[in-house]
Amino acid sequence: MGIFDGRRIVLGVTGGIAAYKAVEVCRRLIDAGAHVSPILTKGAEKFIGRATFDALASEKVQTSLWEEEHPIPHTNLGQKADLILVCPATARLLSDYRTGRSADLLTATLLATRAPVIVCPAMHTEMWEQPSVQENIQELVKRGVEIVGPDQGRLAGGDDGAGRLSDPVSIVAAVEKVLNSGLNSKTQDFSGLQVLVSAGGTKEPICPVRYIGNRSSGKQGHAIALEAATRGASVVCVTTEPSRAPNHPNLQVVAVETADEMAKAVFSEAPKSDLVVMAAAVADFTPIIKSEKKIKKSEECLEIRLEPTVDILASLGSSHTGKQILVGFAAETNDLEKNAKKKLEAKGIDLIVANDVSAENTGFNYDTNAVTLFDLAGRKTEFPLADKRDIAQAILDAALKLKVNGHEEIGKK
Ligand code: CTP
C-alpha cells in the first residue's frame, strides 16, 4: 500500500529548465500509489518530451483543450483531482492563475477545480524578486494555494541565487502534508457502503413548455455524492441536474425531472442502500392536468390546480428498519430549529440538516452553505459558513457515526 493509494493528482508542468525534475516527482508520486494525470504546457514540451511522462504516469500526457479524447478535458481533470501540483511553475503561470486567465489546458484545469493546489515556482532570481511576481505569490497564498520553494542554488546559465525548484523529495512531502491535512484527508471510511443521494429541484410540467420548479441547483447534493464516492462508497446520485453532477468512478448518476420520477428512482435504489440522503428539493405539489399542448395566451385568468406529490422521505421513514440511516434536509426561512425538529420526527428519519435559505451566502445556488444538524438523541451541531464540499464532509461524518454506533446509542428504540 502506498501513501497515495487511490488519490488522483494532476501534475502540471510548465516551461522552465527545471521541467526535467518533474519527471522525478512524477515517478515518486506513482511509486507511492497515486494516479497521476500529466498536463504539459507548450513551453514544457520544449524542455521535456511527452514520451517520458506517457511512459511514467498513469495516463497519457494532455496538452490542449482541443485535441484530447474527452470533450471538456479541463473540467474532467479538475473535478476528479484530489490535488493539483504545478511543478515547475513559471512567472507566466503564476500570473495567469492569479488573474483567472484560462490560457491553456493547465490554467483552465486550475480554474475548474476545487481540489487543493500546490505550486512550485522556479525561475531566475531577477524574475522571482519582481514585485509583480511576489504580489502574485502573496495573493495565491491568501487564497489557500500552497507554495513550495523556490530554494537558493544553482540556476540555468551558471547563475546562483533564489529561484531554484525545490528538490523532488520536499515537493512530494508537501503533497503528502496537503493530502493528509484534516479537510483533504480522504480515508476510505465509506468503503463497502451503498449510498443513495438525491439532488436538485424537481420540475413539475404544466405543459410541454412550462414547469413549476424551485431554486435548488443540486450543488449540495452533488457535493455529498462526490464526498461519499471519494471516501470509498458506491454511490447512486438521483438528480435533476445531471449535466452538473460530479464525475467519479464510484458514482452512478440517475437523471430525473419530476417528483414522481425521483420517487420511482429512489424507491428502486433505497432498499439496497446503507445511507440515504435526500438533499433534493422535491416539489410538494404537481399540476393535476399536464397539458399535452402548449397553453396559449388568453385574456382569461389561468387556473392551475395542483395535487400533492408523494413525500419520498416520509415514505422511506415509515418503513425504516434501523439498519439504514436516513438523512433529510429542512430548507427553512424562519423558525429553523422548531421546523427542523418537527420534520425529523414527522418523517421518521435519523438526522436532519437544517439550513436557513434566506441567510446570506447559504442555500440555493451558492457554493457555500451553513447548516445545523439535529439527530434523534436531541443533539444539535452547528456548522458555520463553509464550502458545500466541507459541509458534505460534516454531514457524512455525522451519518457514519450513527451507522457505526447504531440507534440504541442515540436513544431510539
Ligand atoms: N422531501 C421528499 N419528498 C417530498 C418533499 C420533501 O422526500 N415530496 C424531502 C426533501 O428531500 C427533504 C425533506 O423532505 O429532505 C424536507 O423537505 P422540505 O422541502 O424542507 O420540507 P417539506 O416536507 O416539503 O415541508 P415544507 O415544504 O412544508 O417545509
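Residues numbered from 1 in each chain as written. Predicted model: local features only at pLDDT ≥ 70, side-chain atom pairs only at ≥ 80, totals over all residues. Heavy atoms only, no water.

Enquirer: Would you mind going over the site of the ligand with me for this structure?
Expert: The environment of the ligand is formed by 16 residues, the closest being Met278, Ala280, Phe329, Lys343 and Lys347. Take Lys343: an N or O atom from its side chain is 2.8 Å from an oxygen atom of the ligand. The protein chains hide 77% of the 570 Å² of surface that the ligand would expose on its own. Where the shell around the ligand is concerned, the elements lending two or more residues are helix H12 (312-318) and strand S16 (325-332). Top element by residues in the shell around the ligand is S16. It accounts for four residues. Here the residues of the shell around the ligand are counted per class, giving ten nonpolar, two polar and four charged. (Near = heavy atom within 4 Å. Polar contact = N/O pair within 3.5 Å; in protein donor to acceptor, adjacent residues only side chain to side chain. Areas by Shrake-Rupley, 256 points an atom, 1.4 Å probe, with all protein chains shown as cover. Helix = DSSP H or I, 4+ residues; strand = E, 2+ residues; numbered from the N terminus. Nonpolar A, V, L, I, M, F, W, Y, C, P; charged D, E, K, R; others polar.)

Enquirer: Help me understand the side chain of Lys388 in this model?
Expert: By secondary structure assignment, the location of Lys388 is in helix H14 (residues 388-405). Look at Lys388: it is buried, it has no salt bridge, and the nearest opposite charge is Asp367 at 6.4 Å. Discounting chain neighbours no more than four positions away, the residues touching Lys388 are Lys219, Gln220, Ala223, Gly363, Asn365, Tyr366, Asp367, Thr368 and Asn369. (Buried < 20%, exposed > 50% of the residue type's maximum accessible area, 1.4 Å probe, protein only. Lys, Arg positive; Asp, Glu negative; His and termini not counted. Salt bridge = Lys/Arg side-chain N within 4 Å of Asp/Glu carboxyl O. Contact = heavy atoms within 4.5 Å.)

Enquirer: Would you mind going over the pattern of salt bridges with me for this structure?
Expert: Note on pairing: side chains with opposite charge can pair once their charged atoms come close. This model, assessed by the stated rule, comprises 28 salt bridges. As a salt-bridge pair, Arg28 and Glu24 come within 2.9 Å of each other at their nearest N and O atoms. Here Glu24 and Arg28 lie together in helix H1 (residues 19-31), a separation of four residues that amounts to about one turn. Residue Arg28 is classed as partly exposed on the basis of its relative accessible area, which comes to 30%. Asp375 is the salt-bridge partner of Arg379, the closest N and O atoms lying 2.8 Å from each other. Bridged by salt links that share partners, the residues Glu24, Arg27, Arg28 and Asp31 form one connected network.

Enquirer: Just to check I follow, could you spell out the domain arrangement of the chain for this structure?
Expert: Accessible area lost when the parts come together is the quantity often used to give the size of an interface. Taken domain by domain, the chain holds domain 1 (8-180) and domain 2 (189-405). Using only C-alpha atoms to locate each centre, domain 1 and domain 2 end up separated by 38 Å. Each side of the interface is counted separately: domain 1 has five residues, and domain 2 has five residues. Regarding the contact of domain 1 and domain 2, the summed buried area is about 460 Å², with carbon and sulfur atoms giving 41% of it. Broken down residue by residue, the surface that domain 1 buries against domain 2 is led by Gln79, Lys80 and Arg114, which jointly contribute 73%. The interface formed by domain 1 and domain 2 contains one salt bridge. One salt bridge in this structure joins Asp367 and Arg114, with 3.4 Å as the shortest N-O distance. On inspection of domain 1 and its partner domain 2, the count reaches one residue pair in polar contact (both at pLDDT 80 or more). Here the side of domain 1 that touches domain 2 is composed, by residue class, of no nonpolar, two polar and three charged. (Domains from an automatic or database assignment. Buried area = accessible area lost by both parts, 1.4 Å probe.)

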